Structure formats: structure tokens, C-alpha cells
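Spelled out from the first residue to the last, the chains are:
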Amino acid sequence: VRSEKAITVTEEVLIPITIKANSEPAICETMPTFNERTYRHLLALATVTEGCTYPLRCLISDTLYRTVSIALFGPSFPVDSCGDFKCLDTHSYQLFAGYFPAPQSTYQARQRLAGKLTRFMKPWKDTEGLIDFPGVPAHGNEMVRALVQSQLPESDVAALLTTYVWGIHPNMSRTLFWLLA
């Protein structure tokens, strides 16, 4: 995303929404969902993987991706995008630096992730971003509404939501990994 309008939307709309989302009242709104989803996910995982070794890094990143995404954006968030997200994250430095091309699988993962996020935002787009959806915290509704109402091209909207998601998950996962490792 390199358009001037996308930069303006990010600076004037998305960053203030993000700051507000990190306030105590907003965090208190999302924590019960996050805690419940995390507990249920880990319980189900323990049942399925009993007696198996599961790498800590994968346990943390997979669990956080699913539970944080749902806590922020509601149950319709495409958590099946976790694999594509991890592929994109692994090679993101190559995409941003431009020193050498990233593996083709990274570009394909980025396209699949953008497609899933675009489909996720479709209900908001269908209502021109005028309706909040049940099960989605105020922050998630506000973020997606702002993206839909920005009148940016669909590819820029998907890229901005991807960037937002990318800003959350790797930071949390890596920090938690080093706290537990």
C-alpha cells in the first residue's frame, strides 16, 4: 500500500482506533472472549495431541492467532488463514526490504490471506459500513467499518487489515514465547 490516501486513512483513522482499542475499557471488553477462546482451544488441543510433542512456538502462535483474532473481530474472522499468515510473517522481511525475492509461496499466501480478509469484510461492505455486527467487539466493528468507508480500493483495504493483523500477532507470539521458553 503506497497511496497517499491509504497513508492518510492509516494515520488519521486507523491509528486512533488502535490507540482507543488499547485502552483499559476496550481491553476489558475483549478479554473475556479471549480468555474463554484460549481455554477452549487449549483444552481441545490437549485432547487431540495427548502423548504428542507440540512445539511451544507453534502452540503459542497458533493459539494466539485464533483466539486474539476472534476476540478482536468476532467468530466470523477466518482463523483458517493462520498458515498463510505464518508463511507471510516468516518471509515478511524479504517482502519489505526488497533485497531478493521472497519464495513464490509467500506471494501466494499473501494473496490467499487478502482474499480471506476481503470475504470477511464483505458483510460490512454490503451495508456500506453502516451496521455493527453482533459478536464483534466495538473495536473490531469500528476498524472494519472505517476500512470499508475509506473508499480505498479493495486491495488496499485488505492490505491495511493484513498489516494491522501482522502488527498484533507476531509481537504477542514472540514475546510470550520468550517469556515461557
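Residues numbered from 1 in each chain as written. Predicted model: local features only at pLDDT ≥ 70, side-chain atom pairs only at ≥ 80, totals over all residues. Heavy atoms only, no water.

**Considerations on the packing of helix α6 (residues 104-126) against helix α8 (residues 154-180)**
Part 1: Between α6 and α8, the shortest axis-to-axis distance is 9 Å and the interhelical angle comes to 105°. For the element pair α6 / α8, the angle class is roughly perpendicular. Counted together, Leu 113, Ala 114, Leu 117, Thr 118, Phe 120, Met 121 and Lys 125 of α6 and Glu 154, Val 157, Ala 158, Leu 161 and Thr 162 of α8 form the full contact between these two elements.
Part 2: In the contact of α6 with α8, the residues fall into eight nonpolar, two polar and two charged. (Axes fitted to C-alpha atoms, helices over the stretch in contact; angles between N-to-C directions. Helix = DSSP H or I, 4+ residues; strand = E, 2+ residues; numbered from the N terminus. Parallel < 35°, antiparallel > 145°, perpendicular 65-115°, else oblique. Contact = heavy atoms within 4.5 Å. Nonpolar A, V, L, I, M, F, W, Y, C, P; charged D, E, K, R; others polar.)

**Looking at the nonpolar core**
Part 1: Membership of the largest hydrophobic core comes to 35 residues, with the highest contact counts inside it found for Phe 73, Phe 120, Leu 147 and Leu 161.
Part 2: Breaking this core down by element, the ones donating at least two residues are α1 (4-21), α3 (56-73), α4 (82-90), α6, α7 (138-149) and α8.
Part 3: If we skip the residues at most four places from it in the chain, Phe 73 touches Phe 120, Val 136, Pro 137, Gly 140, Met 143, Val 144, Leu 161, Tyr 164 and Val 165. (Core = buried A, V, L, I, M, F, W, Y, C linked by side-chain atoms within 4.5 Å. Buried < 20%, exposed > 50% of the residue type's maximum accessible area, 1.4 Å probe, protein only.)

**Section: the environment of Phe 96**
Part 1: Summarising the element assignment, Phe 96 is placed in helix α5 (residues 92-97).
Part 2: Since its relative accessible area comes to 61%, Phe 96 is described here as exposed.
Part 3: Once the C-alpha coordinates of Phe 96 and Pro 170 are considered, the two residues, 74 residues apart in sequence, prove to be 16 Å apart.

**So, the pattern of salt bridges**
Part 1: Evaluation of the coordinates by the stated rule reveals ten salt bridges.
Part 2: The shortest N-O distance in the salt bridge between Asp 84 and Lys 116 comes to 3.9 Å. With a gap of 32 residues between them, Asp 84 in helix α4 and Lys 116 in helix α6 connect regions that are remote in the sequence. For the pair shown, Asp 84 and Lys 116 are each scored as buried.
Part 3: Measuring nitrogen to oxygen at the nearest pair gives 2.8 Å for the salt bridge that ties Asp 126 to Lys 122. Linking Asp 126 with Lys 122, this pair stays in helix α6, spanning four residues, or about one helical turn.
Part 4: Of the residues examined, Asp 126 reaches a relative accessible area of 53% and is grouped as exposed.
Part 5: Each of the salt bridges in this network shares a partner with another, and the network as a whole consists of Asp 80, Asp 84, Arg 112 and Lys 116. (Salt bridge = Lys/Arg side-chain N within 4 Å of Asp/Glu carboxyl O.)

**Section: the confidence of the model for the chain**
Part 1: Confidence in the prediction for the chain averages 88 pLDDT; 97% of positions are at 70 or higher.
Part 2: Averaged pLDDT values over the elements of the chain bottom out at 76 in α5 and peak at 93 in α6. (pLDDT = per-residue confidence, 0-100.)

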